[in-house]
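If you want the building blocks of each chain, they are given just below.
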Amino acid sequence: MAIRPAEQLIHKAAWLYYAHGLRQDQVASQLNISRASVAMYLRKARETGIVNISTSTQLFTDDVLARKLEDALGLDAVWVAPENADPSTEIAVLAASVFLELVKKGDRIGVAWGRTVYTIADIMSYADLQDVTVVQLCGNLGAPYSYRPDQCTMEIARRLNAKGLNFYAPLVLSTEELARALRAEPVIREQLAGVRECDLALYSVGTIDADSHVVKCGALTAEEMTALREIGAAGVIAGQIIDAKGDVLDCSYNRRVISAELASLRAIAKRLMVVQEDNKFEPLLAAIAGGLCTHLVIGGRMAQRLLDHAGAAEKTPG
């Protein structure tokens with residue numbers, strides 16, 4: 001089974017102390033905890049066998065991979081789910097646990113949409129947190145569609161016994177002029193501006209093919225998506241098309257979208273990205289390159305691909 005989020009600091013402290021050779025005070029500084037806590041975590045690591053790599057279980061094997069990814073990609077935290085019979089379920093279960101651990105009383109949480117986010121919401125345990133608000137990060141879909149933004153937002157709010165704030169605007173407008181006018185409306189402008197005040201964001205990254213959510217929901221045709229891919233589209237974040245650097249692609253579609261600006265998303269301290277599908281490797285690279293992810297939950301195959309890619313990039317001259 002995958003490492004439990006509650007054990008994250010124990011494993012990270014052990015990794016920094018034994019693998020990186022940091023002193024206890026340096027570990028404390030890097031993890032923003034006391035030196036006494038470091039000593040306690042290291043003792044627990046020895047008692048539970050975490051530091052005995054030769055006899056470690058699959059739990060620690062996955063965790064070592066996660067720690068290496070944190071180092072290679074500069075992320076705050078990575079969790080790697082085991083590749084069992086149904087890896088997507090394992091990833092969603094782990095992500096729900098991670099998400100609940102990251103949420104604190106009084107937090108404001110931004111939520112995007114899609115099958116991954118809705119699956120997490122659907123299996124999430126119920127919690128009764130105080131003064132938590134869950135806000136929608138992008139406009140809604142007019143046609144009936146599973147995993148709509150408002151559905152994801154309200155289901156997570158229900159699980160947390162929190163206040164849910166839906167975005168009562170379409171995801172995409174018919175013209176750029178109409179989109180500009182709608183974004184200028186006081187209510188919409190206030191909602192968009194408030195995104196950067198979130199403490200935590202939960203989302204995935206979408207593909208740029210015929211199976212993309214923005215194609216299936218009718219926001220783009222398959223032919224339009226192909227044309228966007230030819231000019232540099234690499235992924236989809238909160239309904240917006242991004243390029244390989246994780247920036248908003250310069251295209252008419254993006255100018256017609258009602259969604260939080262990427263700068264607002266980057267201003268959120270904890271940006272939890274969850275990726276279940278293996279075909280999201282390139283979109284995930286783009287999201288990481290654009291600083292849209294600080295916390296990551298993925299499966300073992302994706303983790304190894306990311307680590308191999310990071311190693312190859314280091315060896316490439318220039």
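Anything mentioned here points back to the structure above.
A brief structural summary.

Rules used throughout
Residues numbered from 1 in each chain as written. Predicted model: local features only at pLDDT ≥ 70, side-chain atom pairs only at ≥ 80, totals over all residues. Heavy atoms only, no water. Salt bridge = Lys/Arg side-chain N within 4 Å of Asp/Glu carboxyl O. Helix = DSSP H or I, 4+ residues; strand = E, 2+ residues; numbered from the N terminus. Pairing = 2+ DSSP bridges. Axes fitted to C-alpha atoms, helices over the stretch in contact; angles between N-to-C directions. Parallel < 35°, antiparallel > 145°, perpendicular 65-115°, else oblique. Contact = heavy atoms within 4.5 Å. Nonpolar A, V, L, I, M, F, W, Y, C, P; charged D, E, K, R; others polar.

A closer look at the pattern of salt bridges
Part 1: Taken as a whole, this structure holds 14 salt bridges when the rule is applied.
Part 2: With a closest N to O distance of 3.7 Å, R159 and D122 form a salt bridge. Of the two residues, R159 sits in helix α7 (residues 149–160) while D122 sits in helix α6 (residues 115–123), which places them 37 residues apart along the sequence.
Part 3: If you follow the salt bridges from partner to partner, you end up with D122, E155, R158 and R159 in one network.

Re unusual backbone geometry
Part 1: One non-glycine residue, N32, lies in positive phi territory at about 60°.
Part 2: Within the secondary structure layout, N32 lies in the loop between α2 (24–31) and α3 (35–47).
Part 3: A positive phi angle is found at A238, which is not glycine, with a value near 50°.
Part 4: Considering the arrangement of structural elements, one finds A238 in the loop between β6 (233–237) and β7 (240–243).

Considerations on the pairing of strand β2 (residues 108–111)
Part 1: With four bridges connecting them, β2 and strand β3 (residues 133–136) associate as parallel partners. Bridging from a neighbouring strand, V111 pairs with Q136 of β3.
Part 2: Pairing analysis gives three bridges linking β2 to strand β5 (residues 200–203), with the strands arranged parallel. Pairing of V111 across the sheet is with L202, part of β5.

Observations concerning the packing of α2 against α3
Part 1: Between α2 and α3, the least distance of the axes is 8 Å, while the angle of their chain directions is 105°. By the criterion of interaxial angle, the relationship of α2 to α3 is roughly perpendicular. Here Q24, D25, V27 and A28 of α2 lie close against α3, whose contacting residues are R35, V38, A39 and L42.
Part 2: Class assignment for the residues of the contact of α2 with α3 results in five nonpolar, one polar and two charged.

Here we look at the packing of helix α8 (residues 176–184) against helix α9 (residues 186–193)
Part 1: Interhelical geometry of α8 versus α9 gives an angle of 80° and a closest axis separation of 5 Å. Classified by the angle their axes make, α8 and α9 are roughly perpendicular. Contacts from L182, R183 and A184 in α8 reach P186, I188, R189 and L192 in α9.
Part 2: Each residue belonging to the contact of α8 with α9 can be placed in one class, and the counts come to five nonpolar, no polar and two charged.

Spatial relationships are all this shows, so hold off on functional conclusions.
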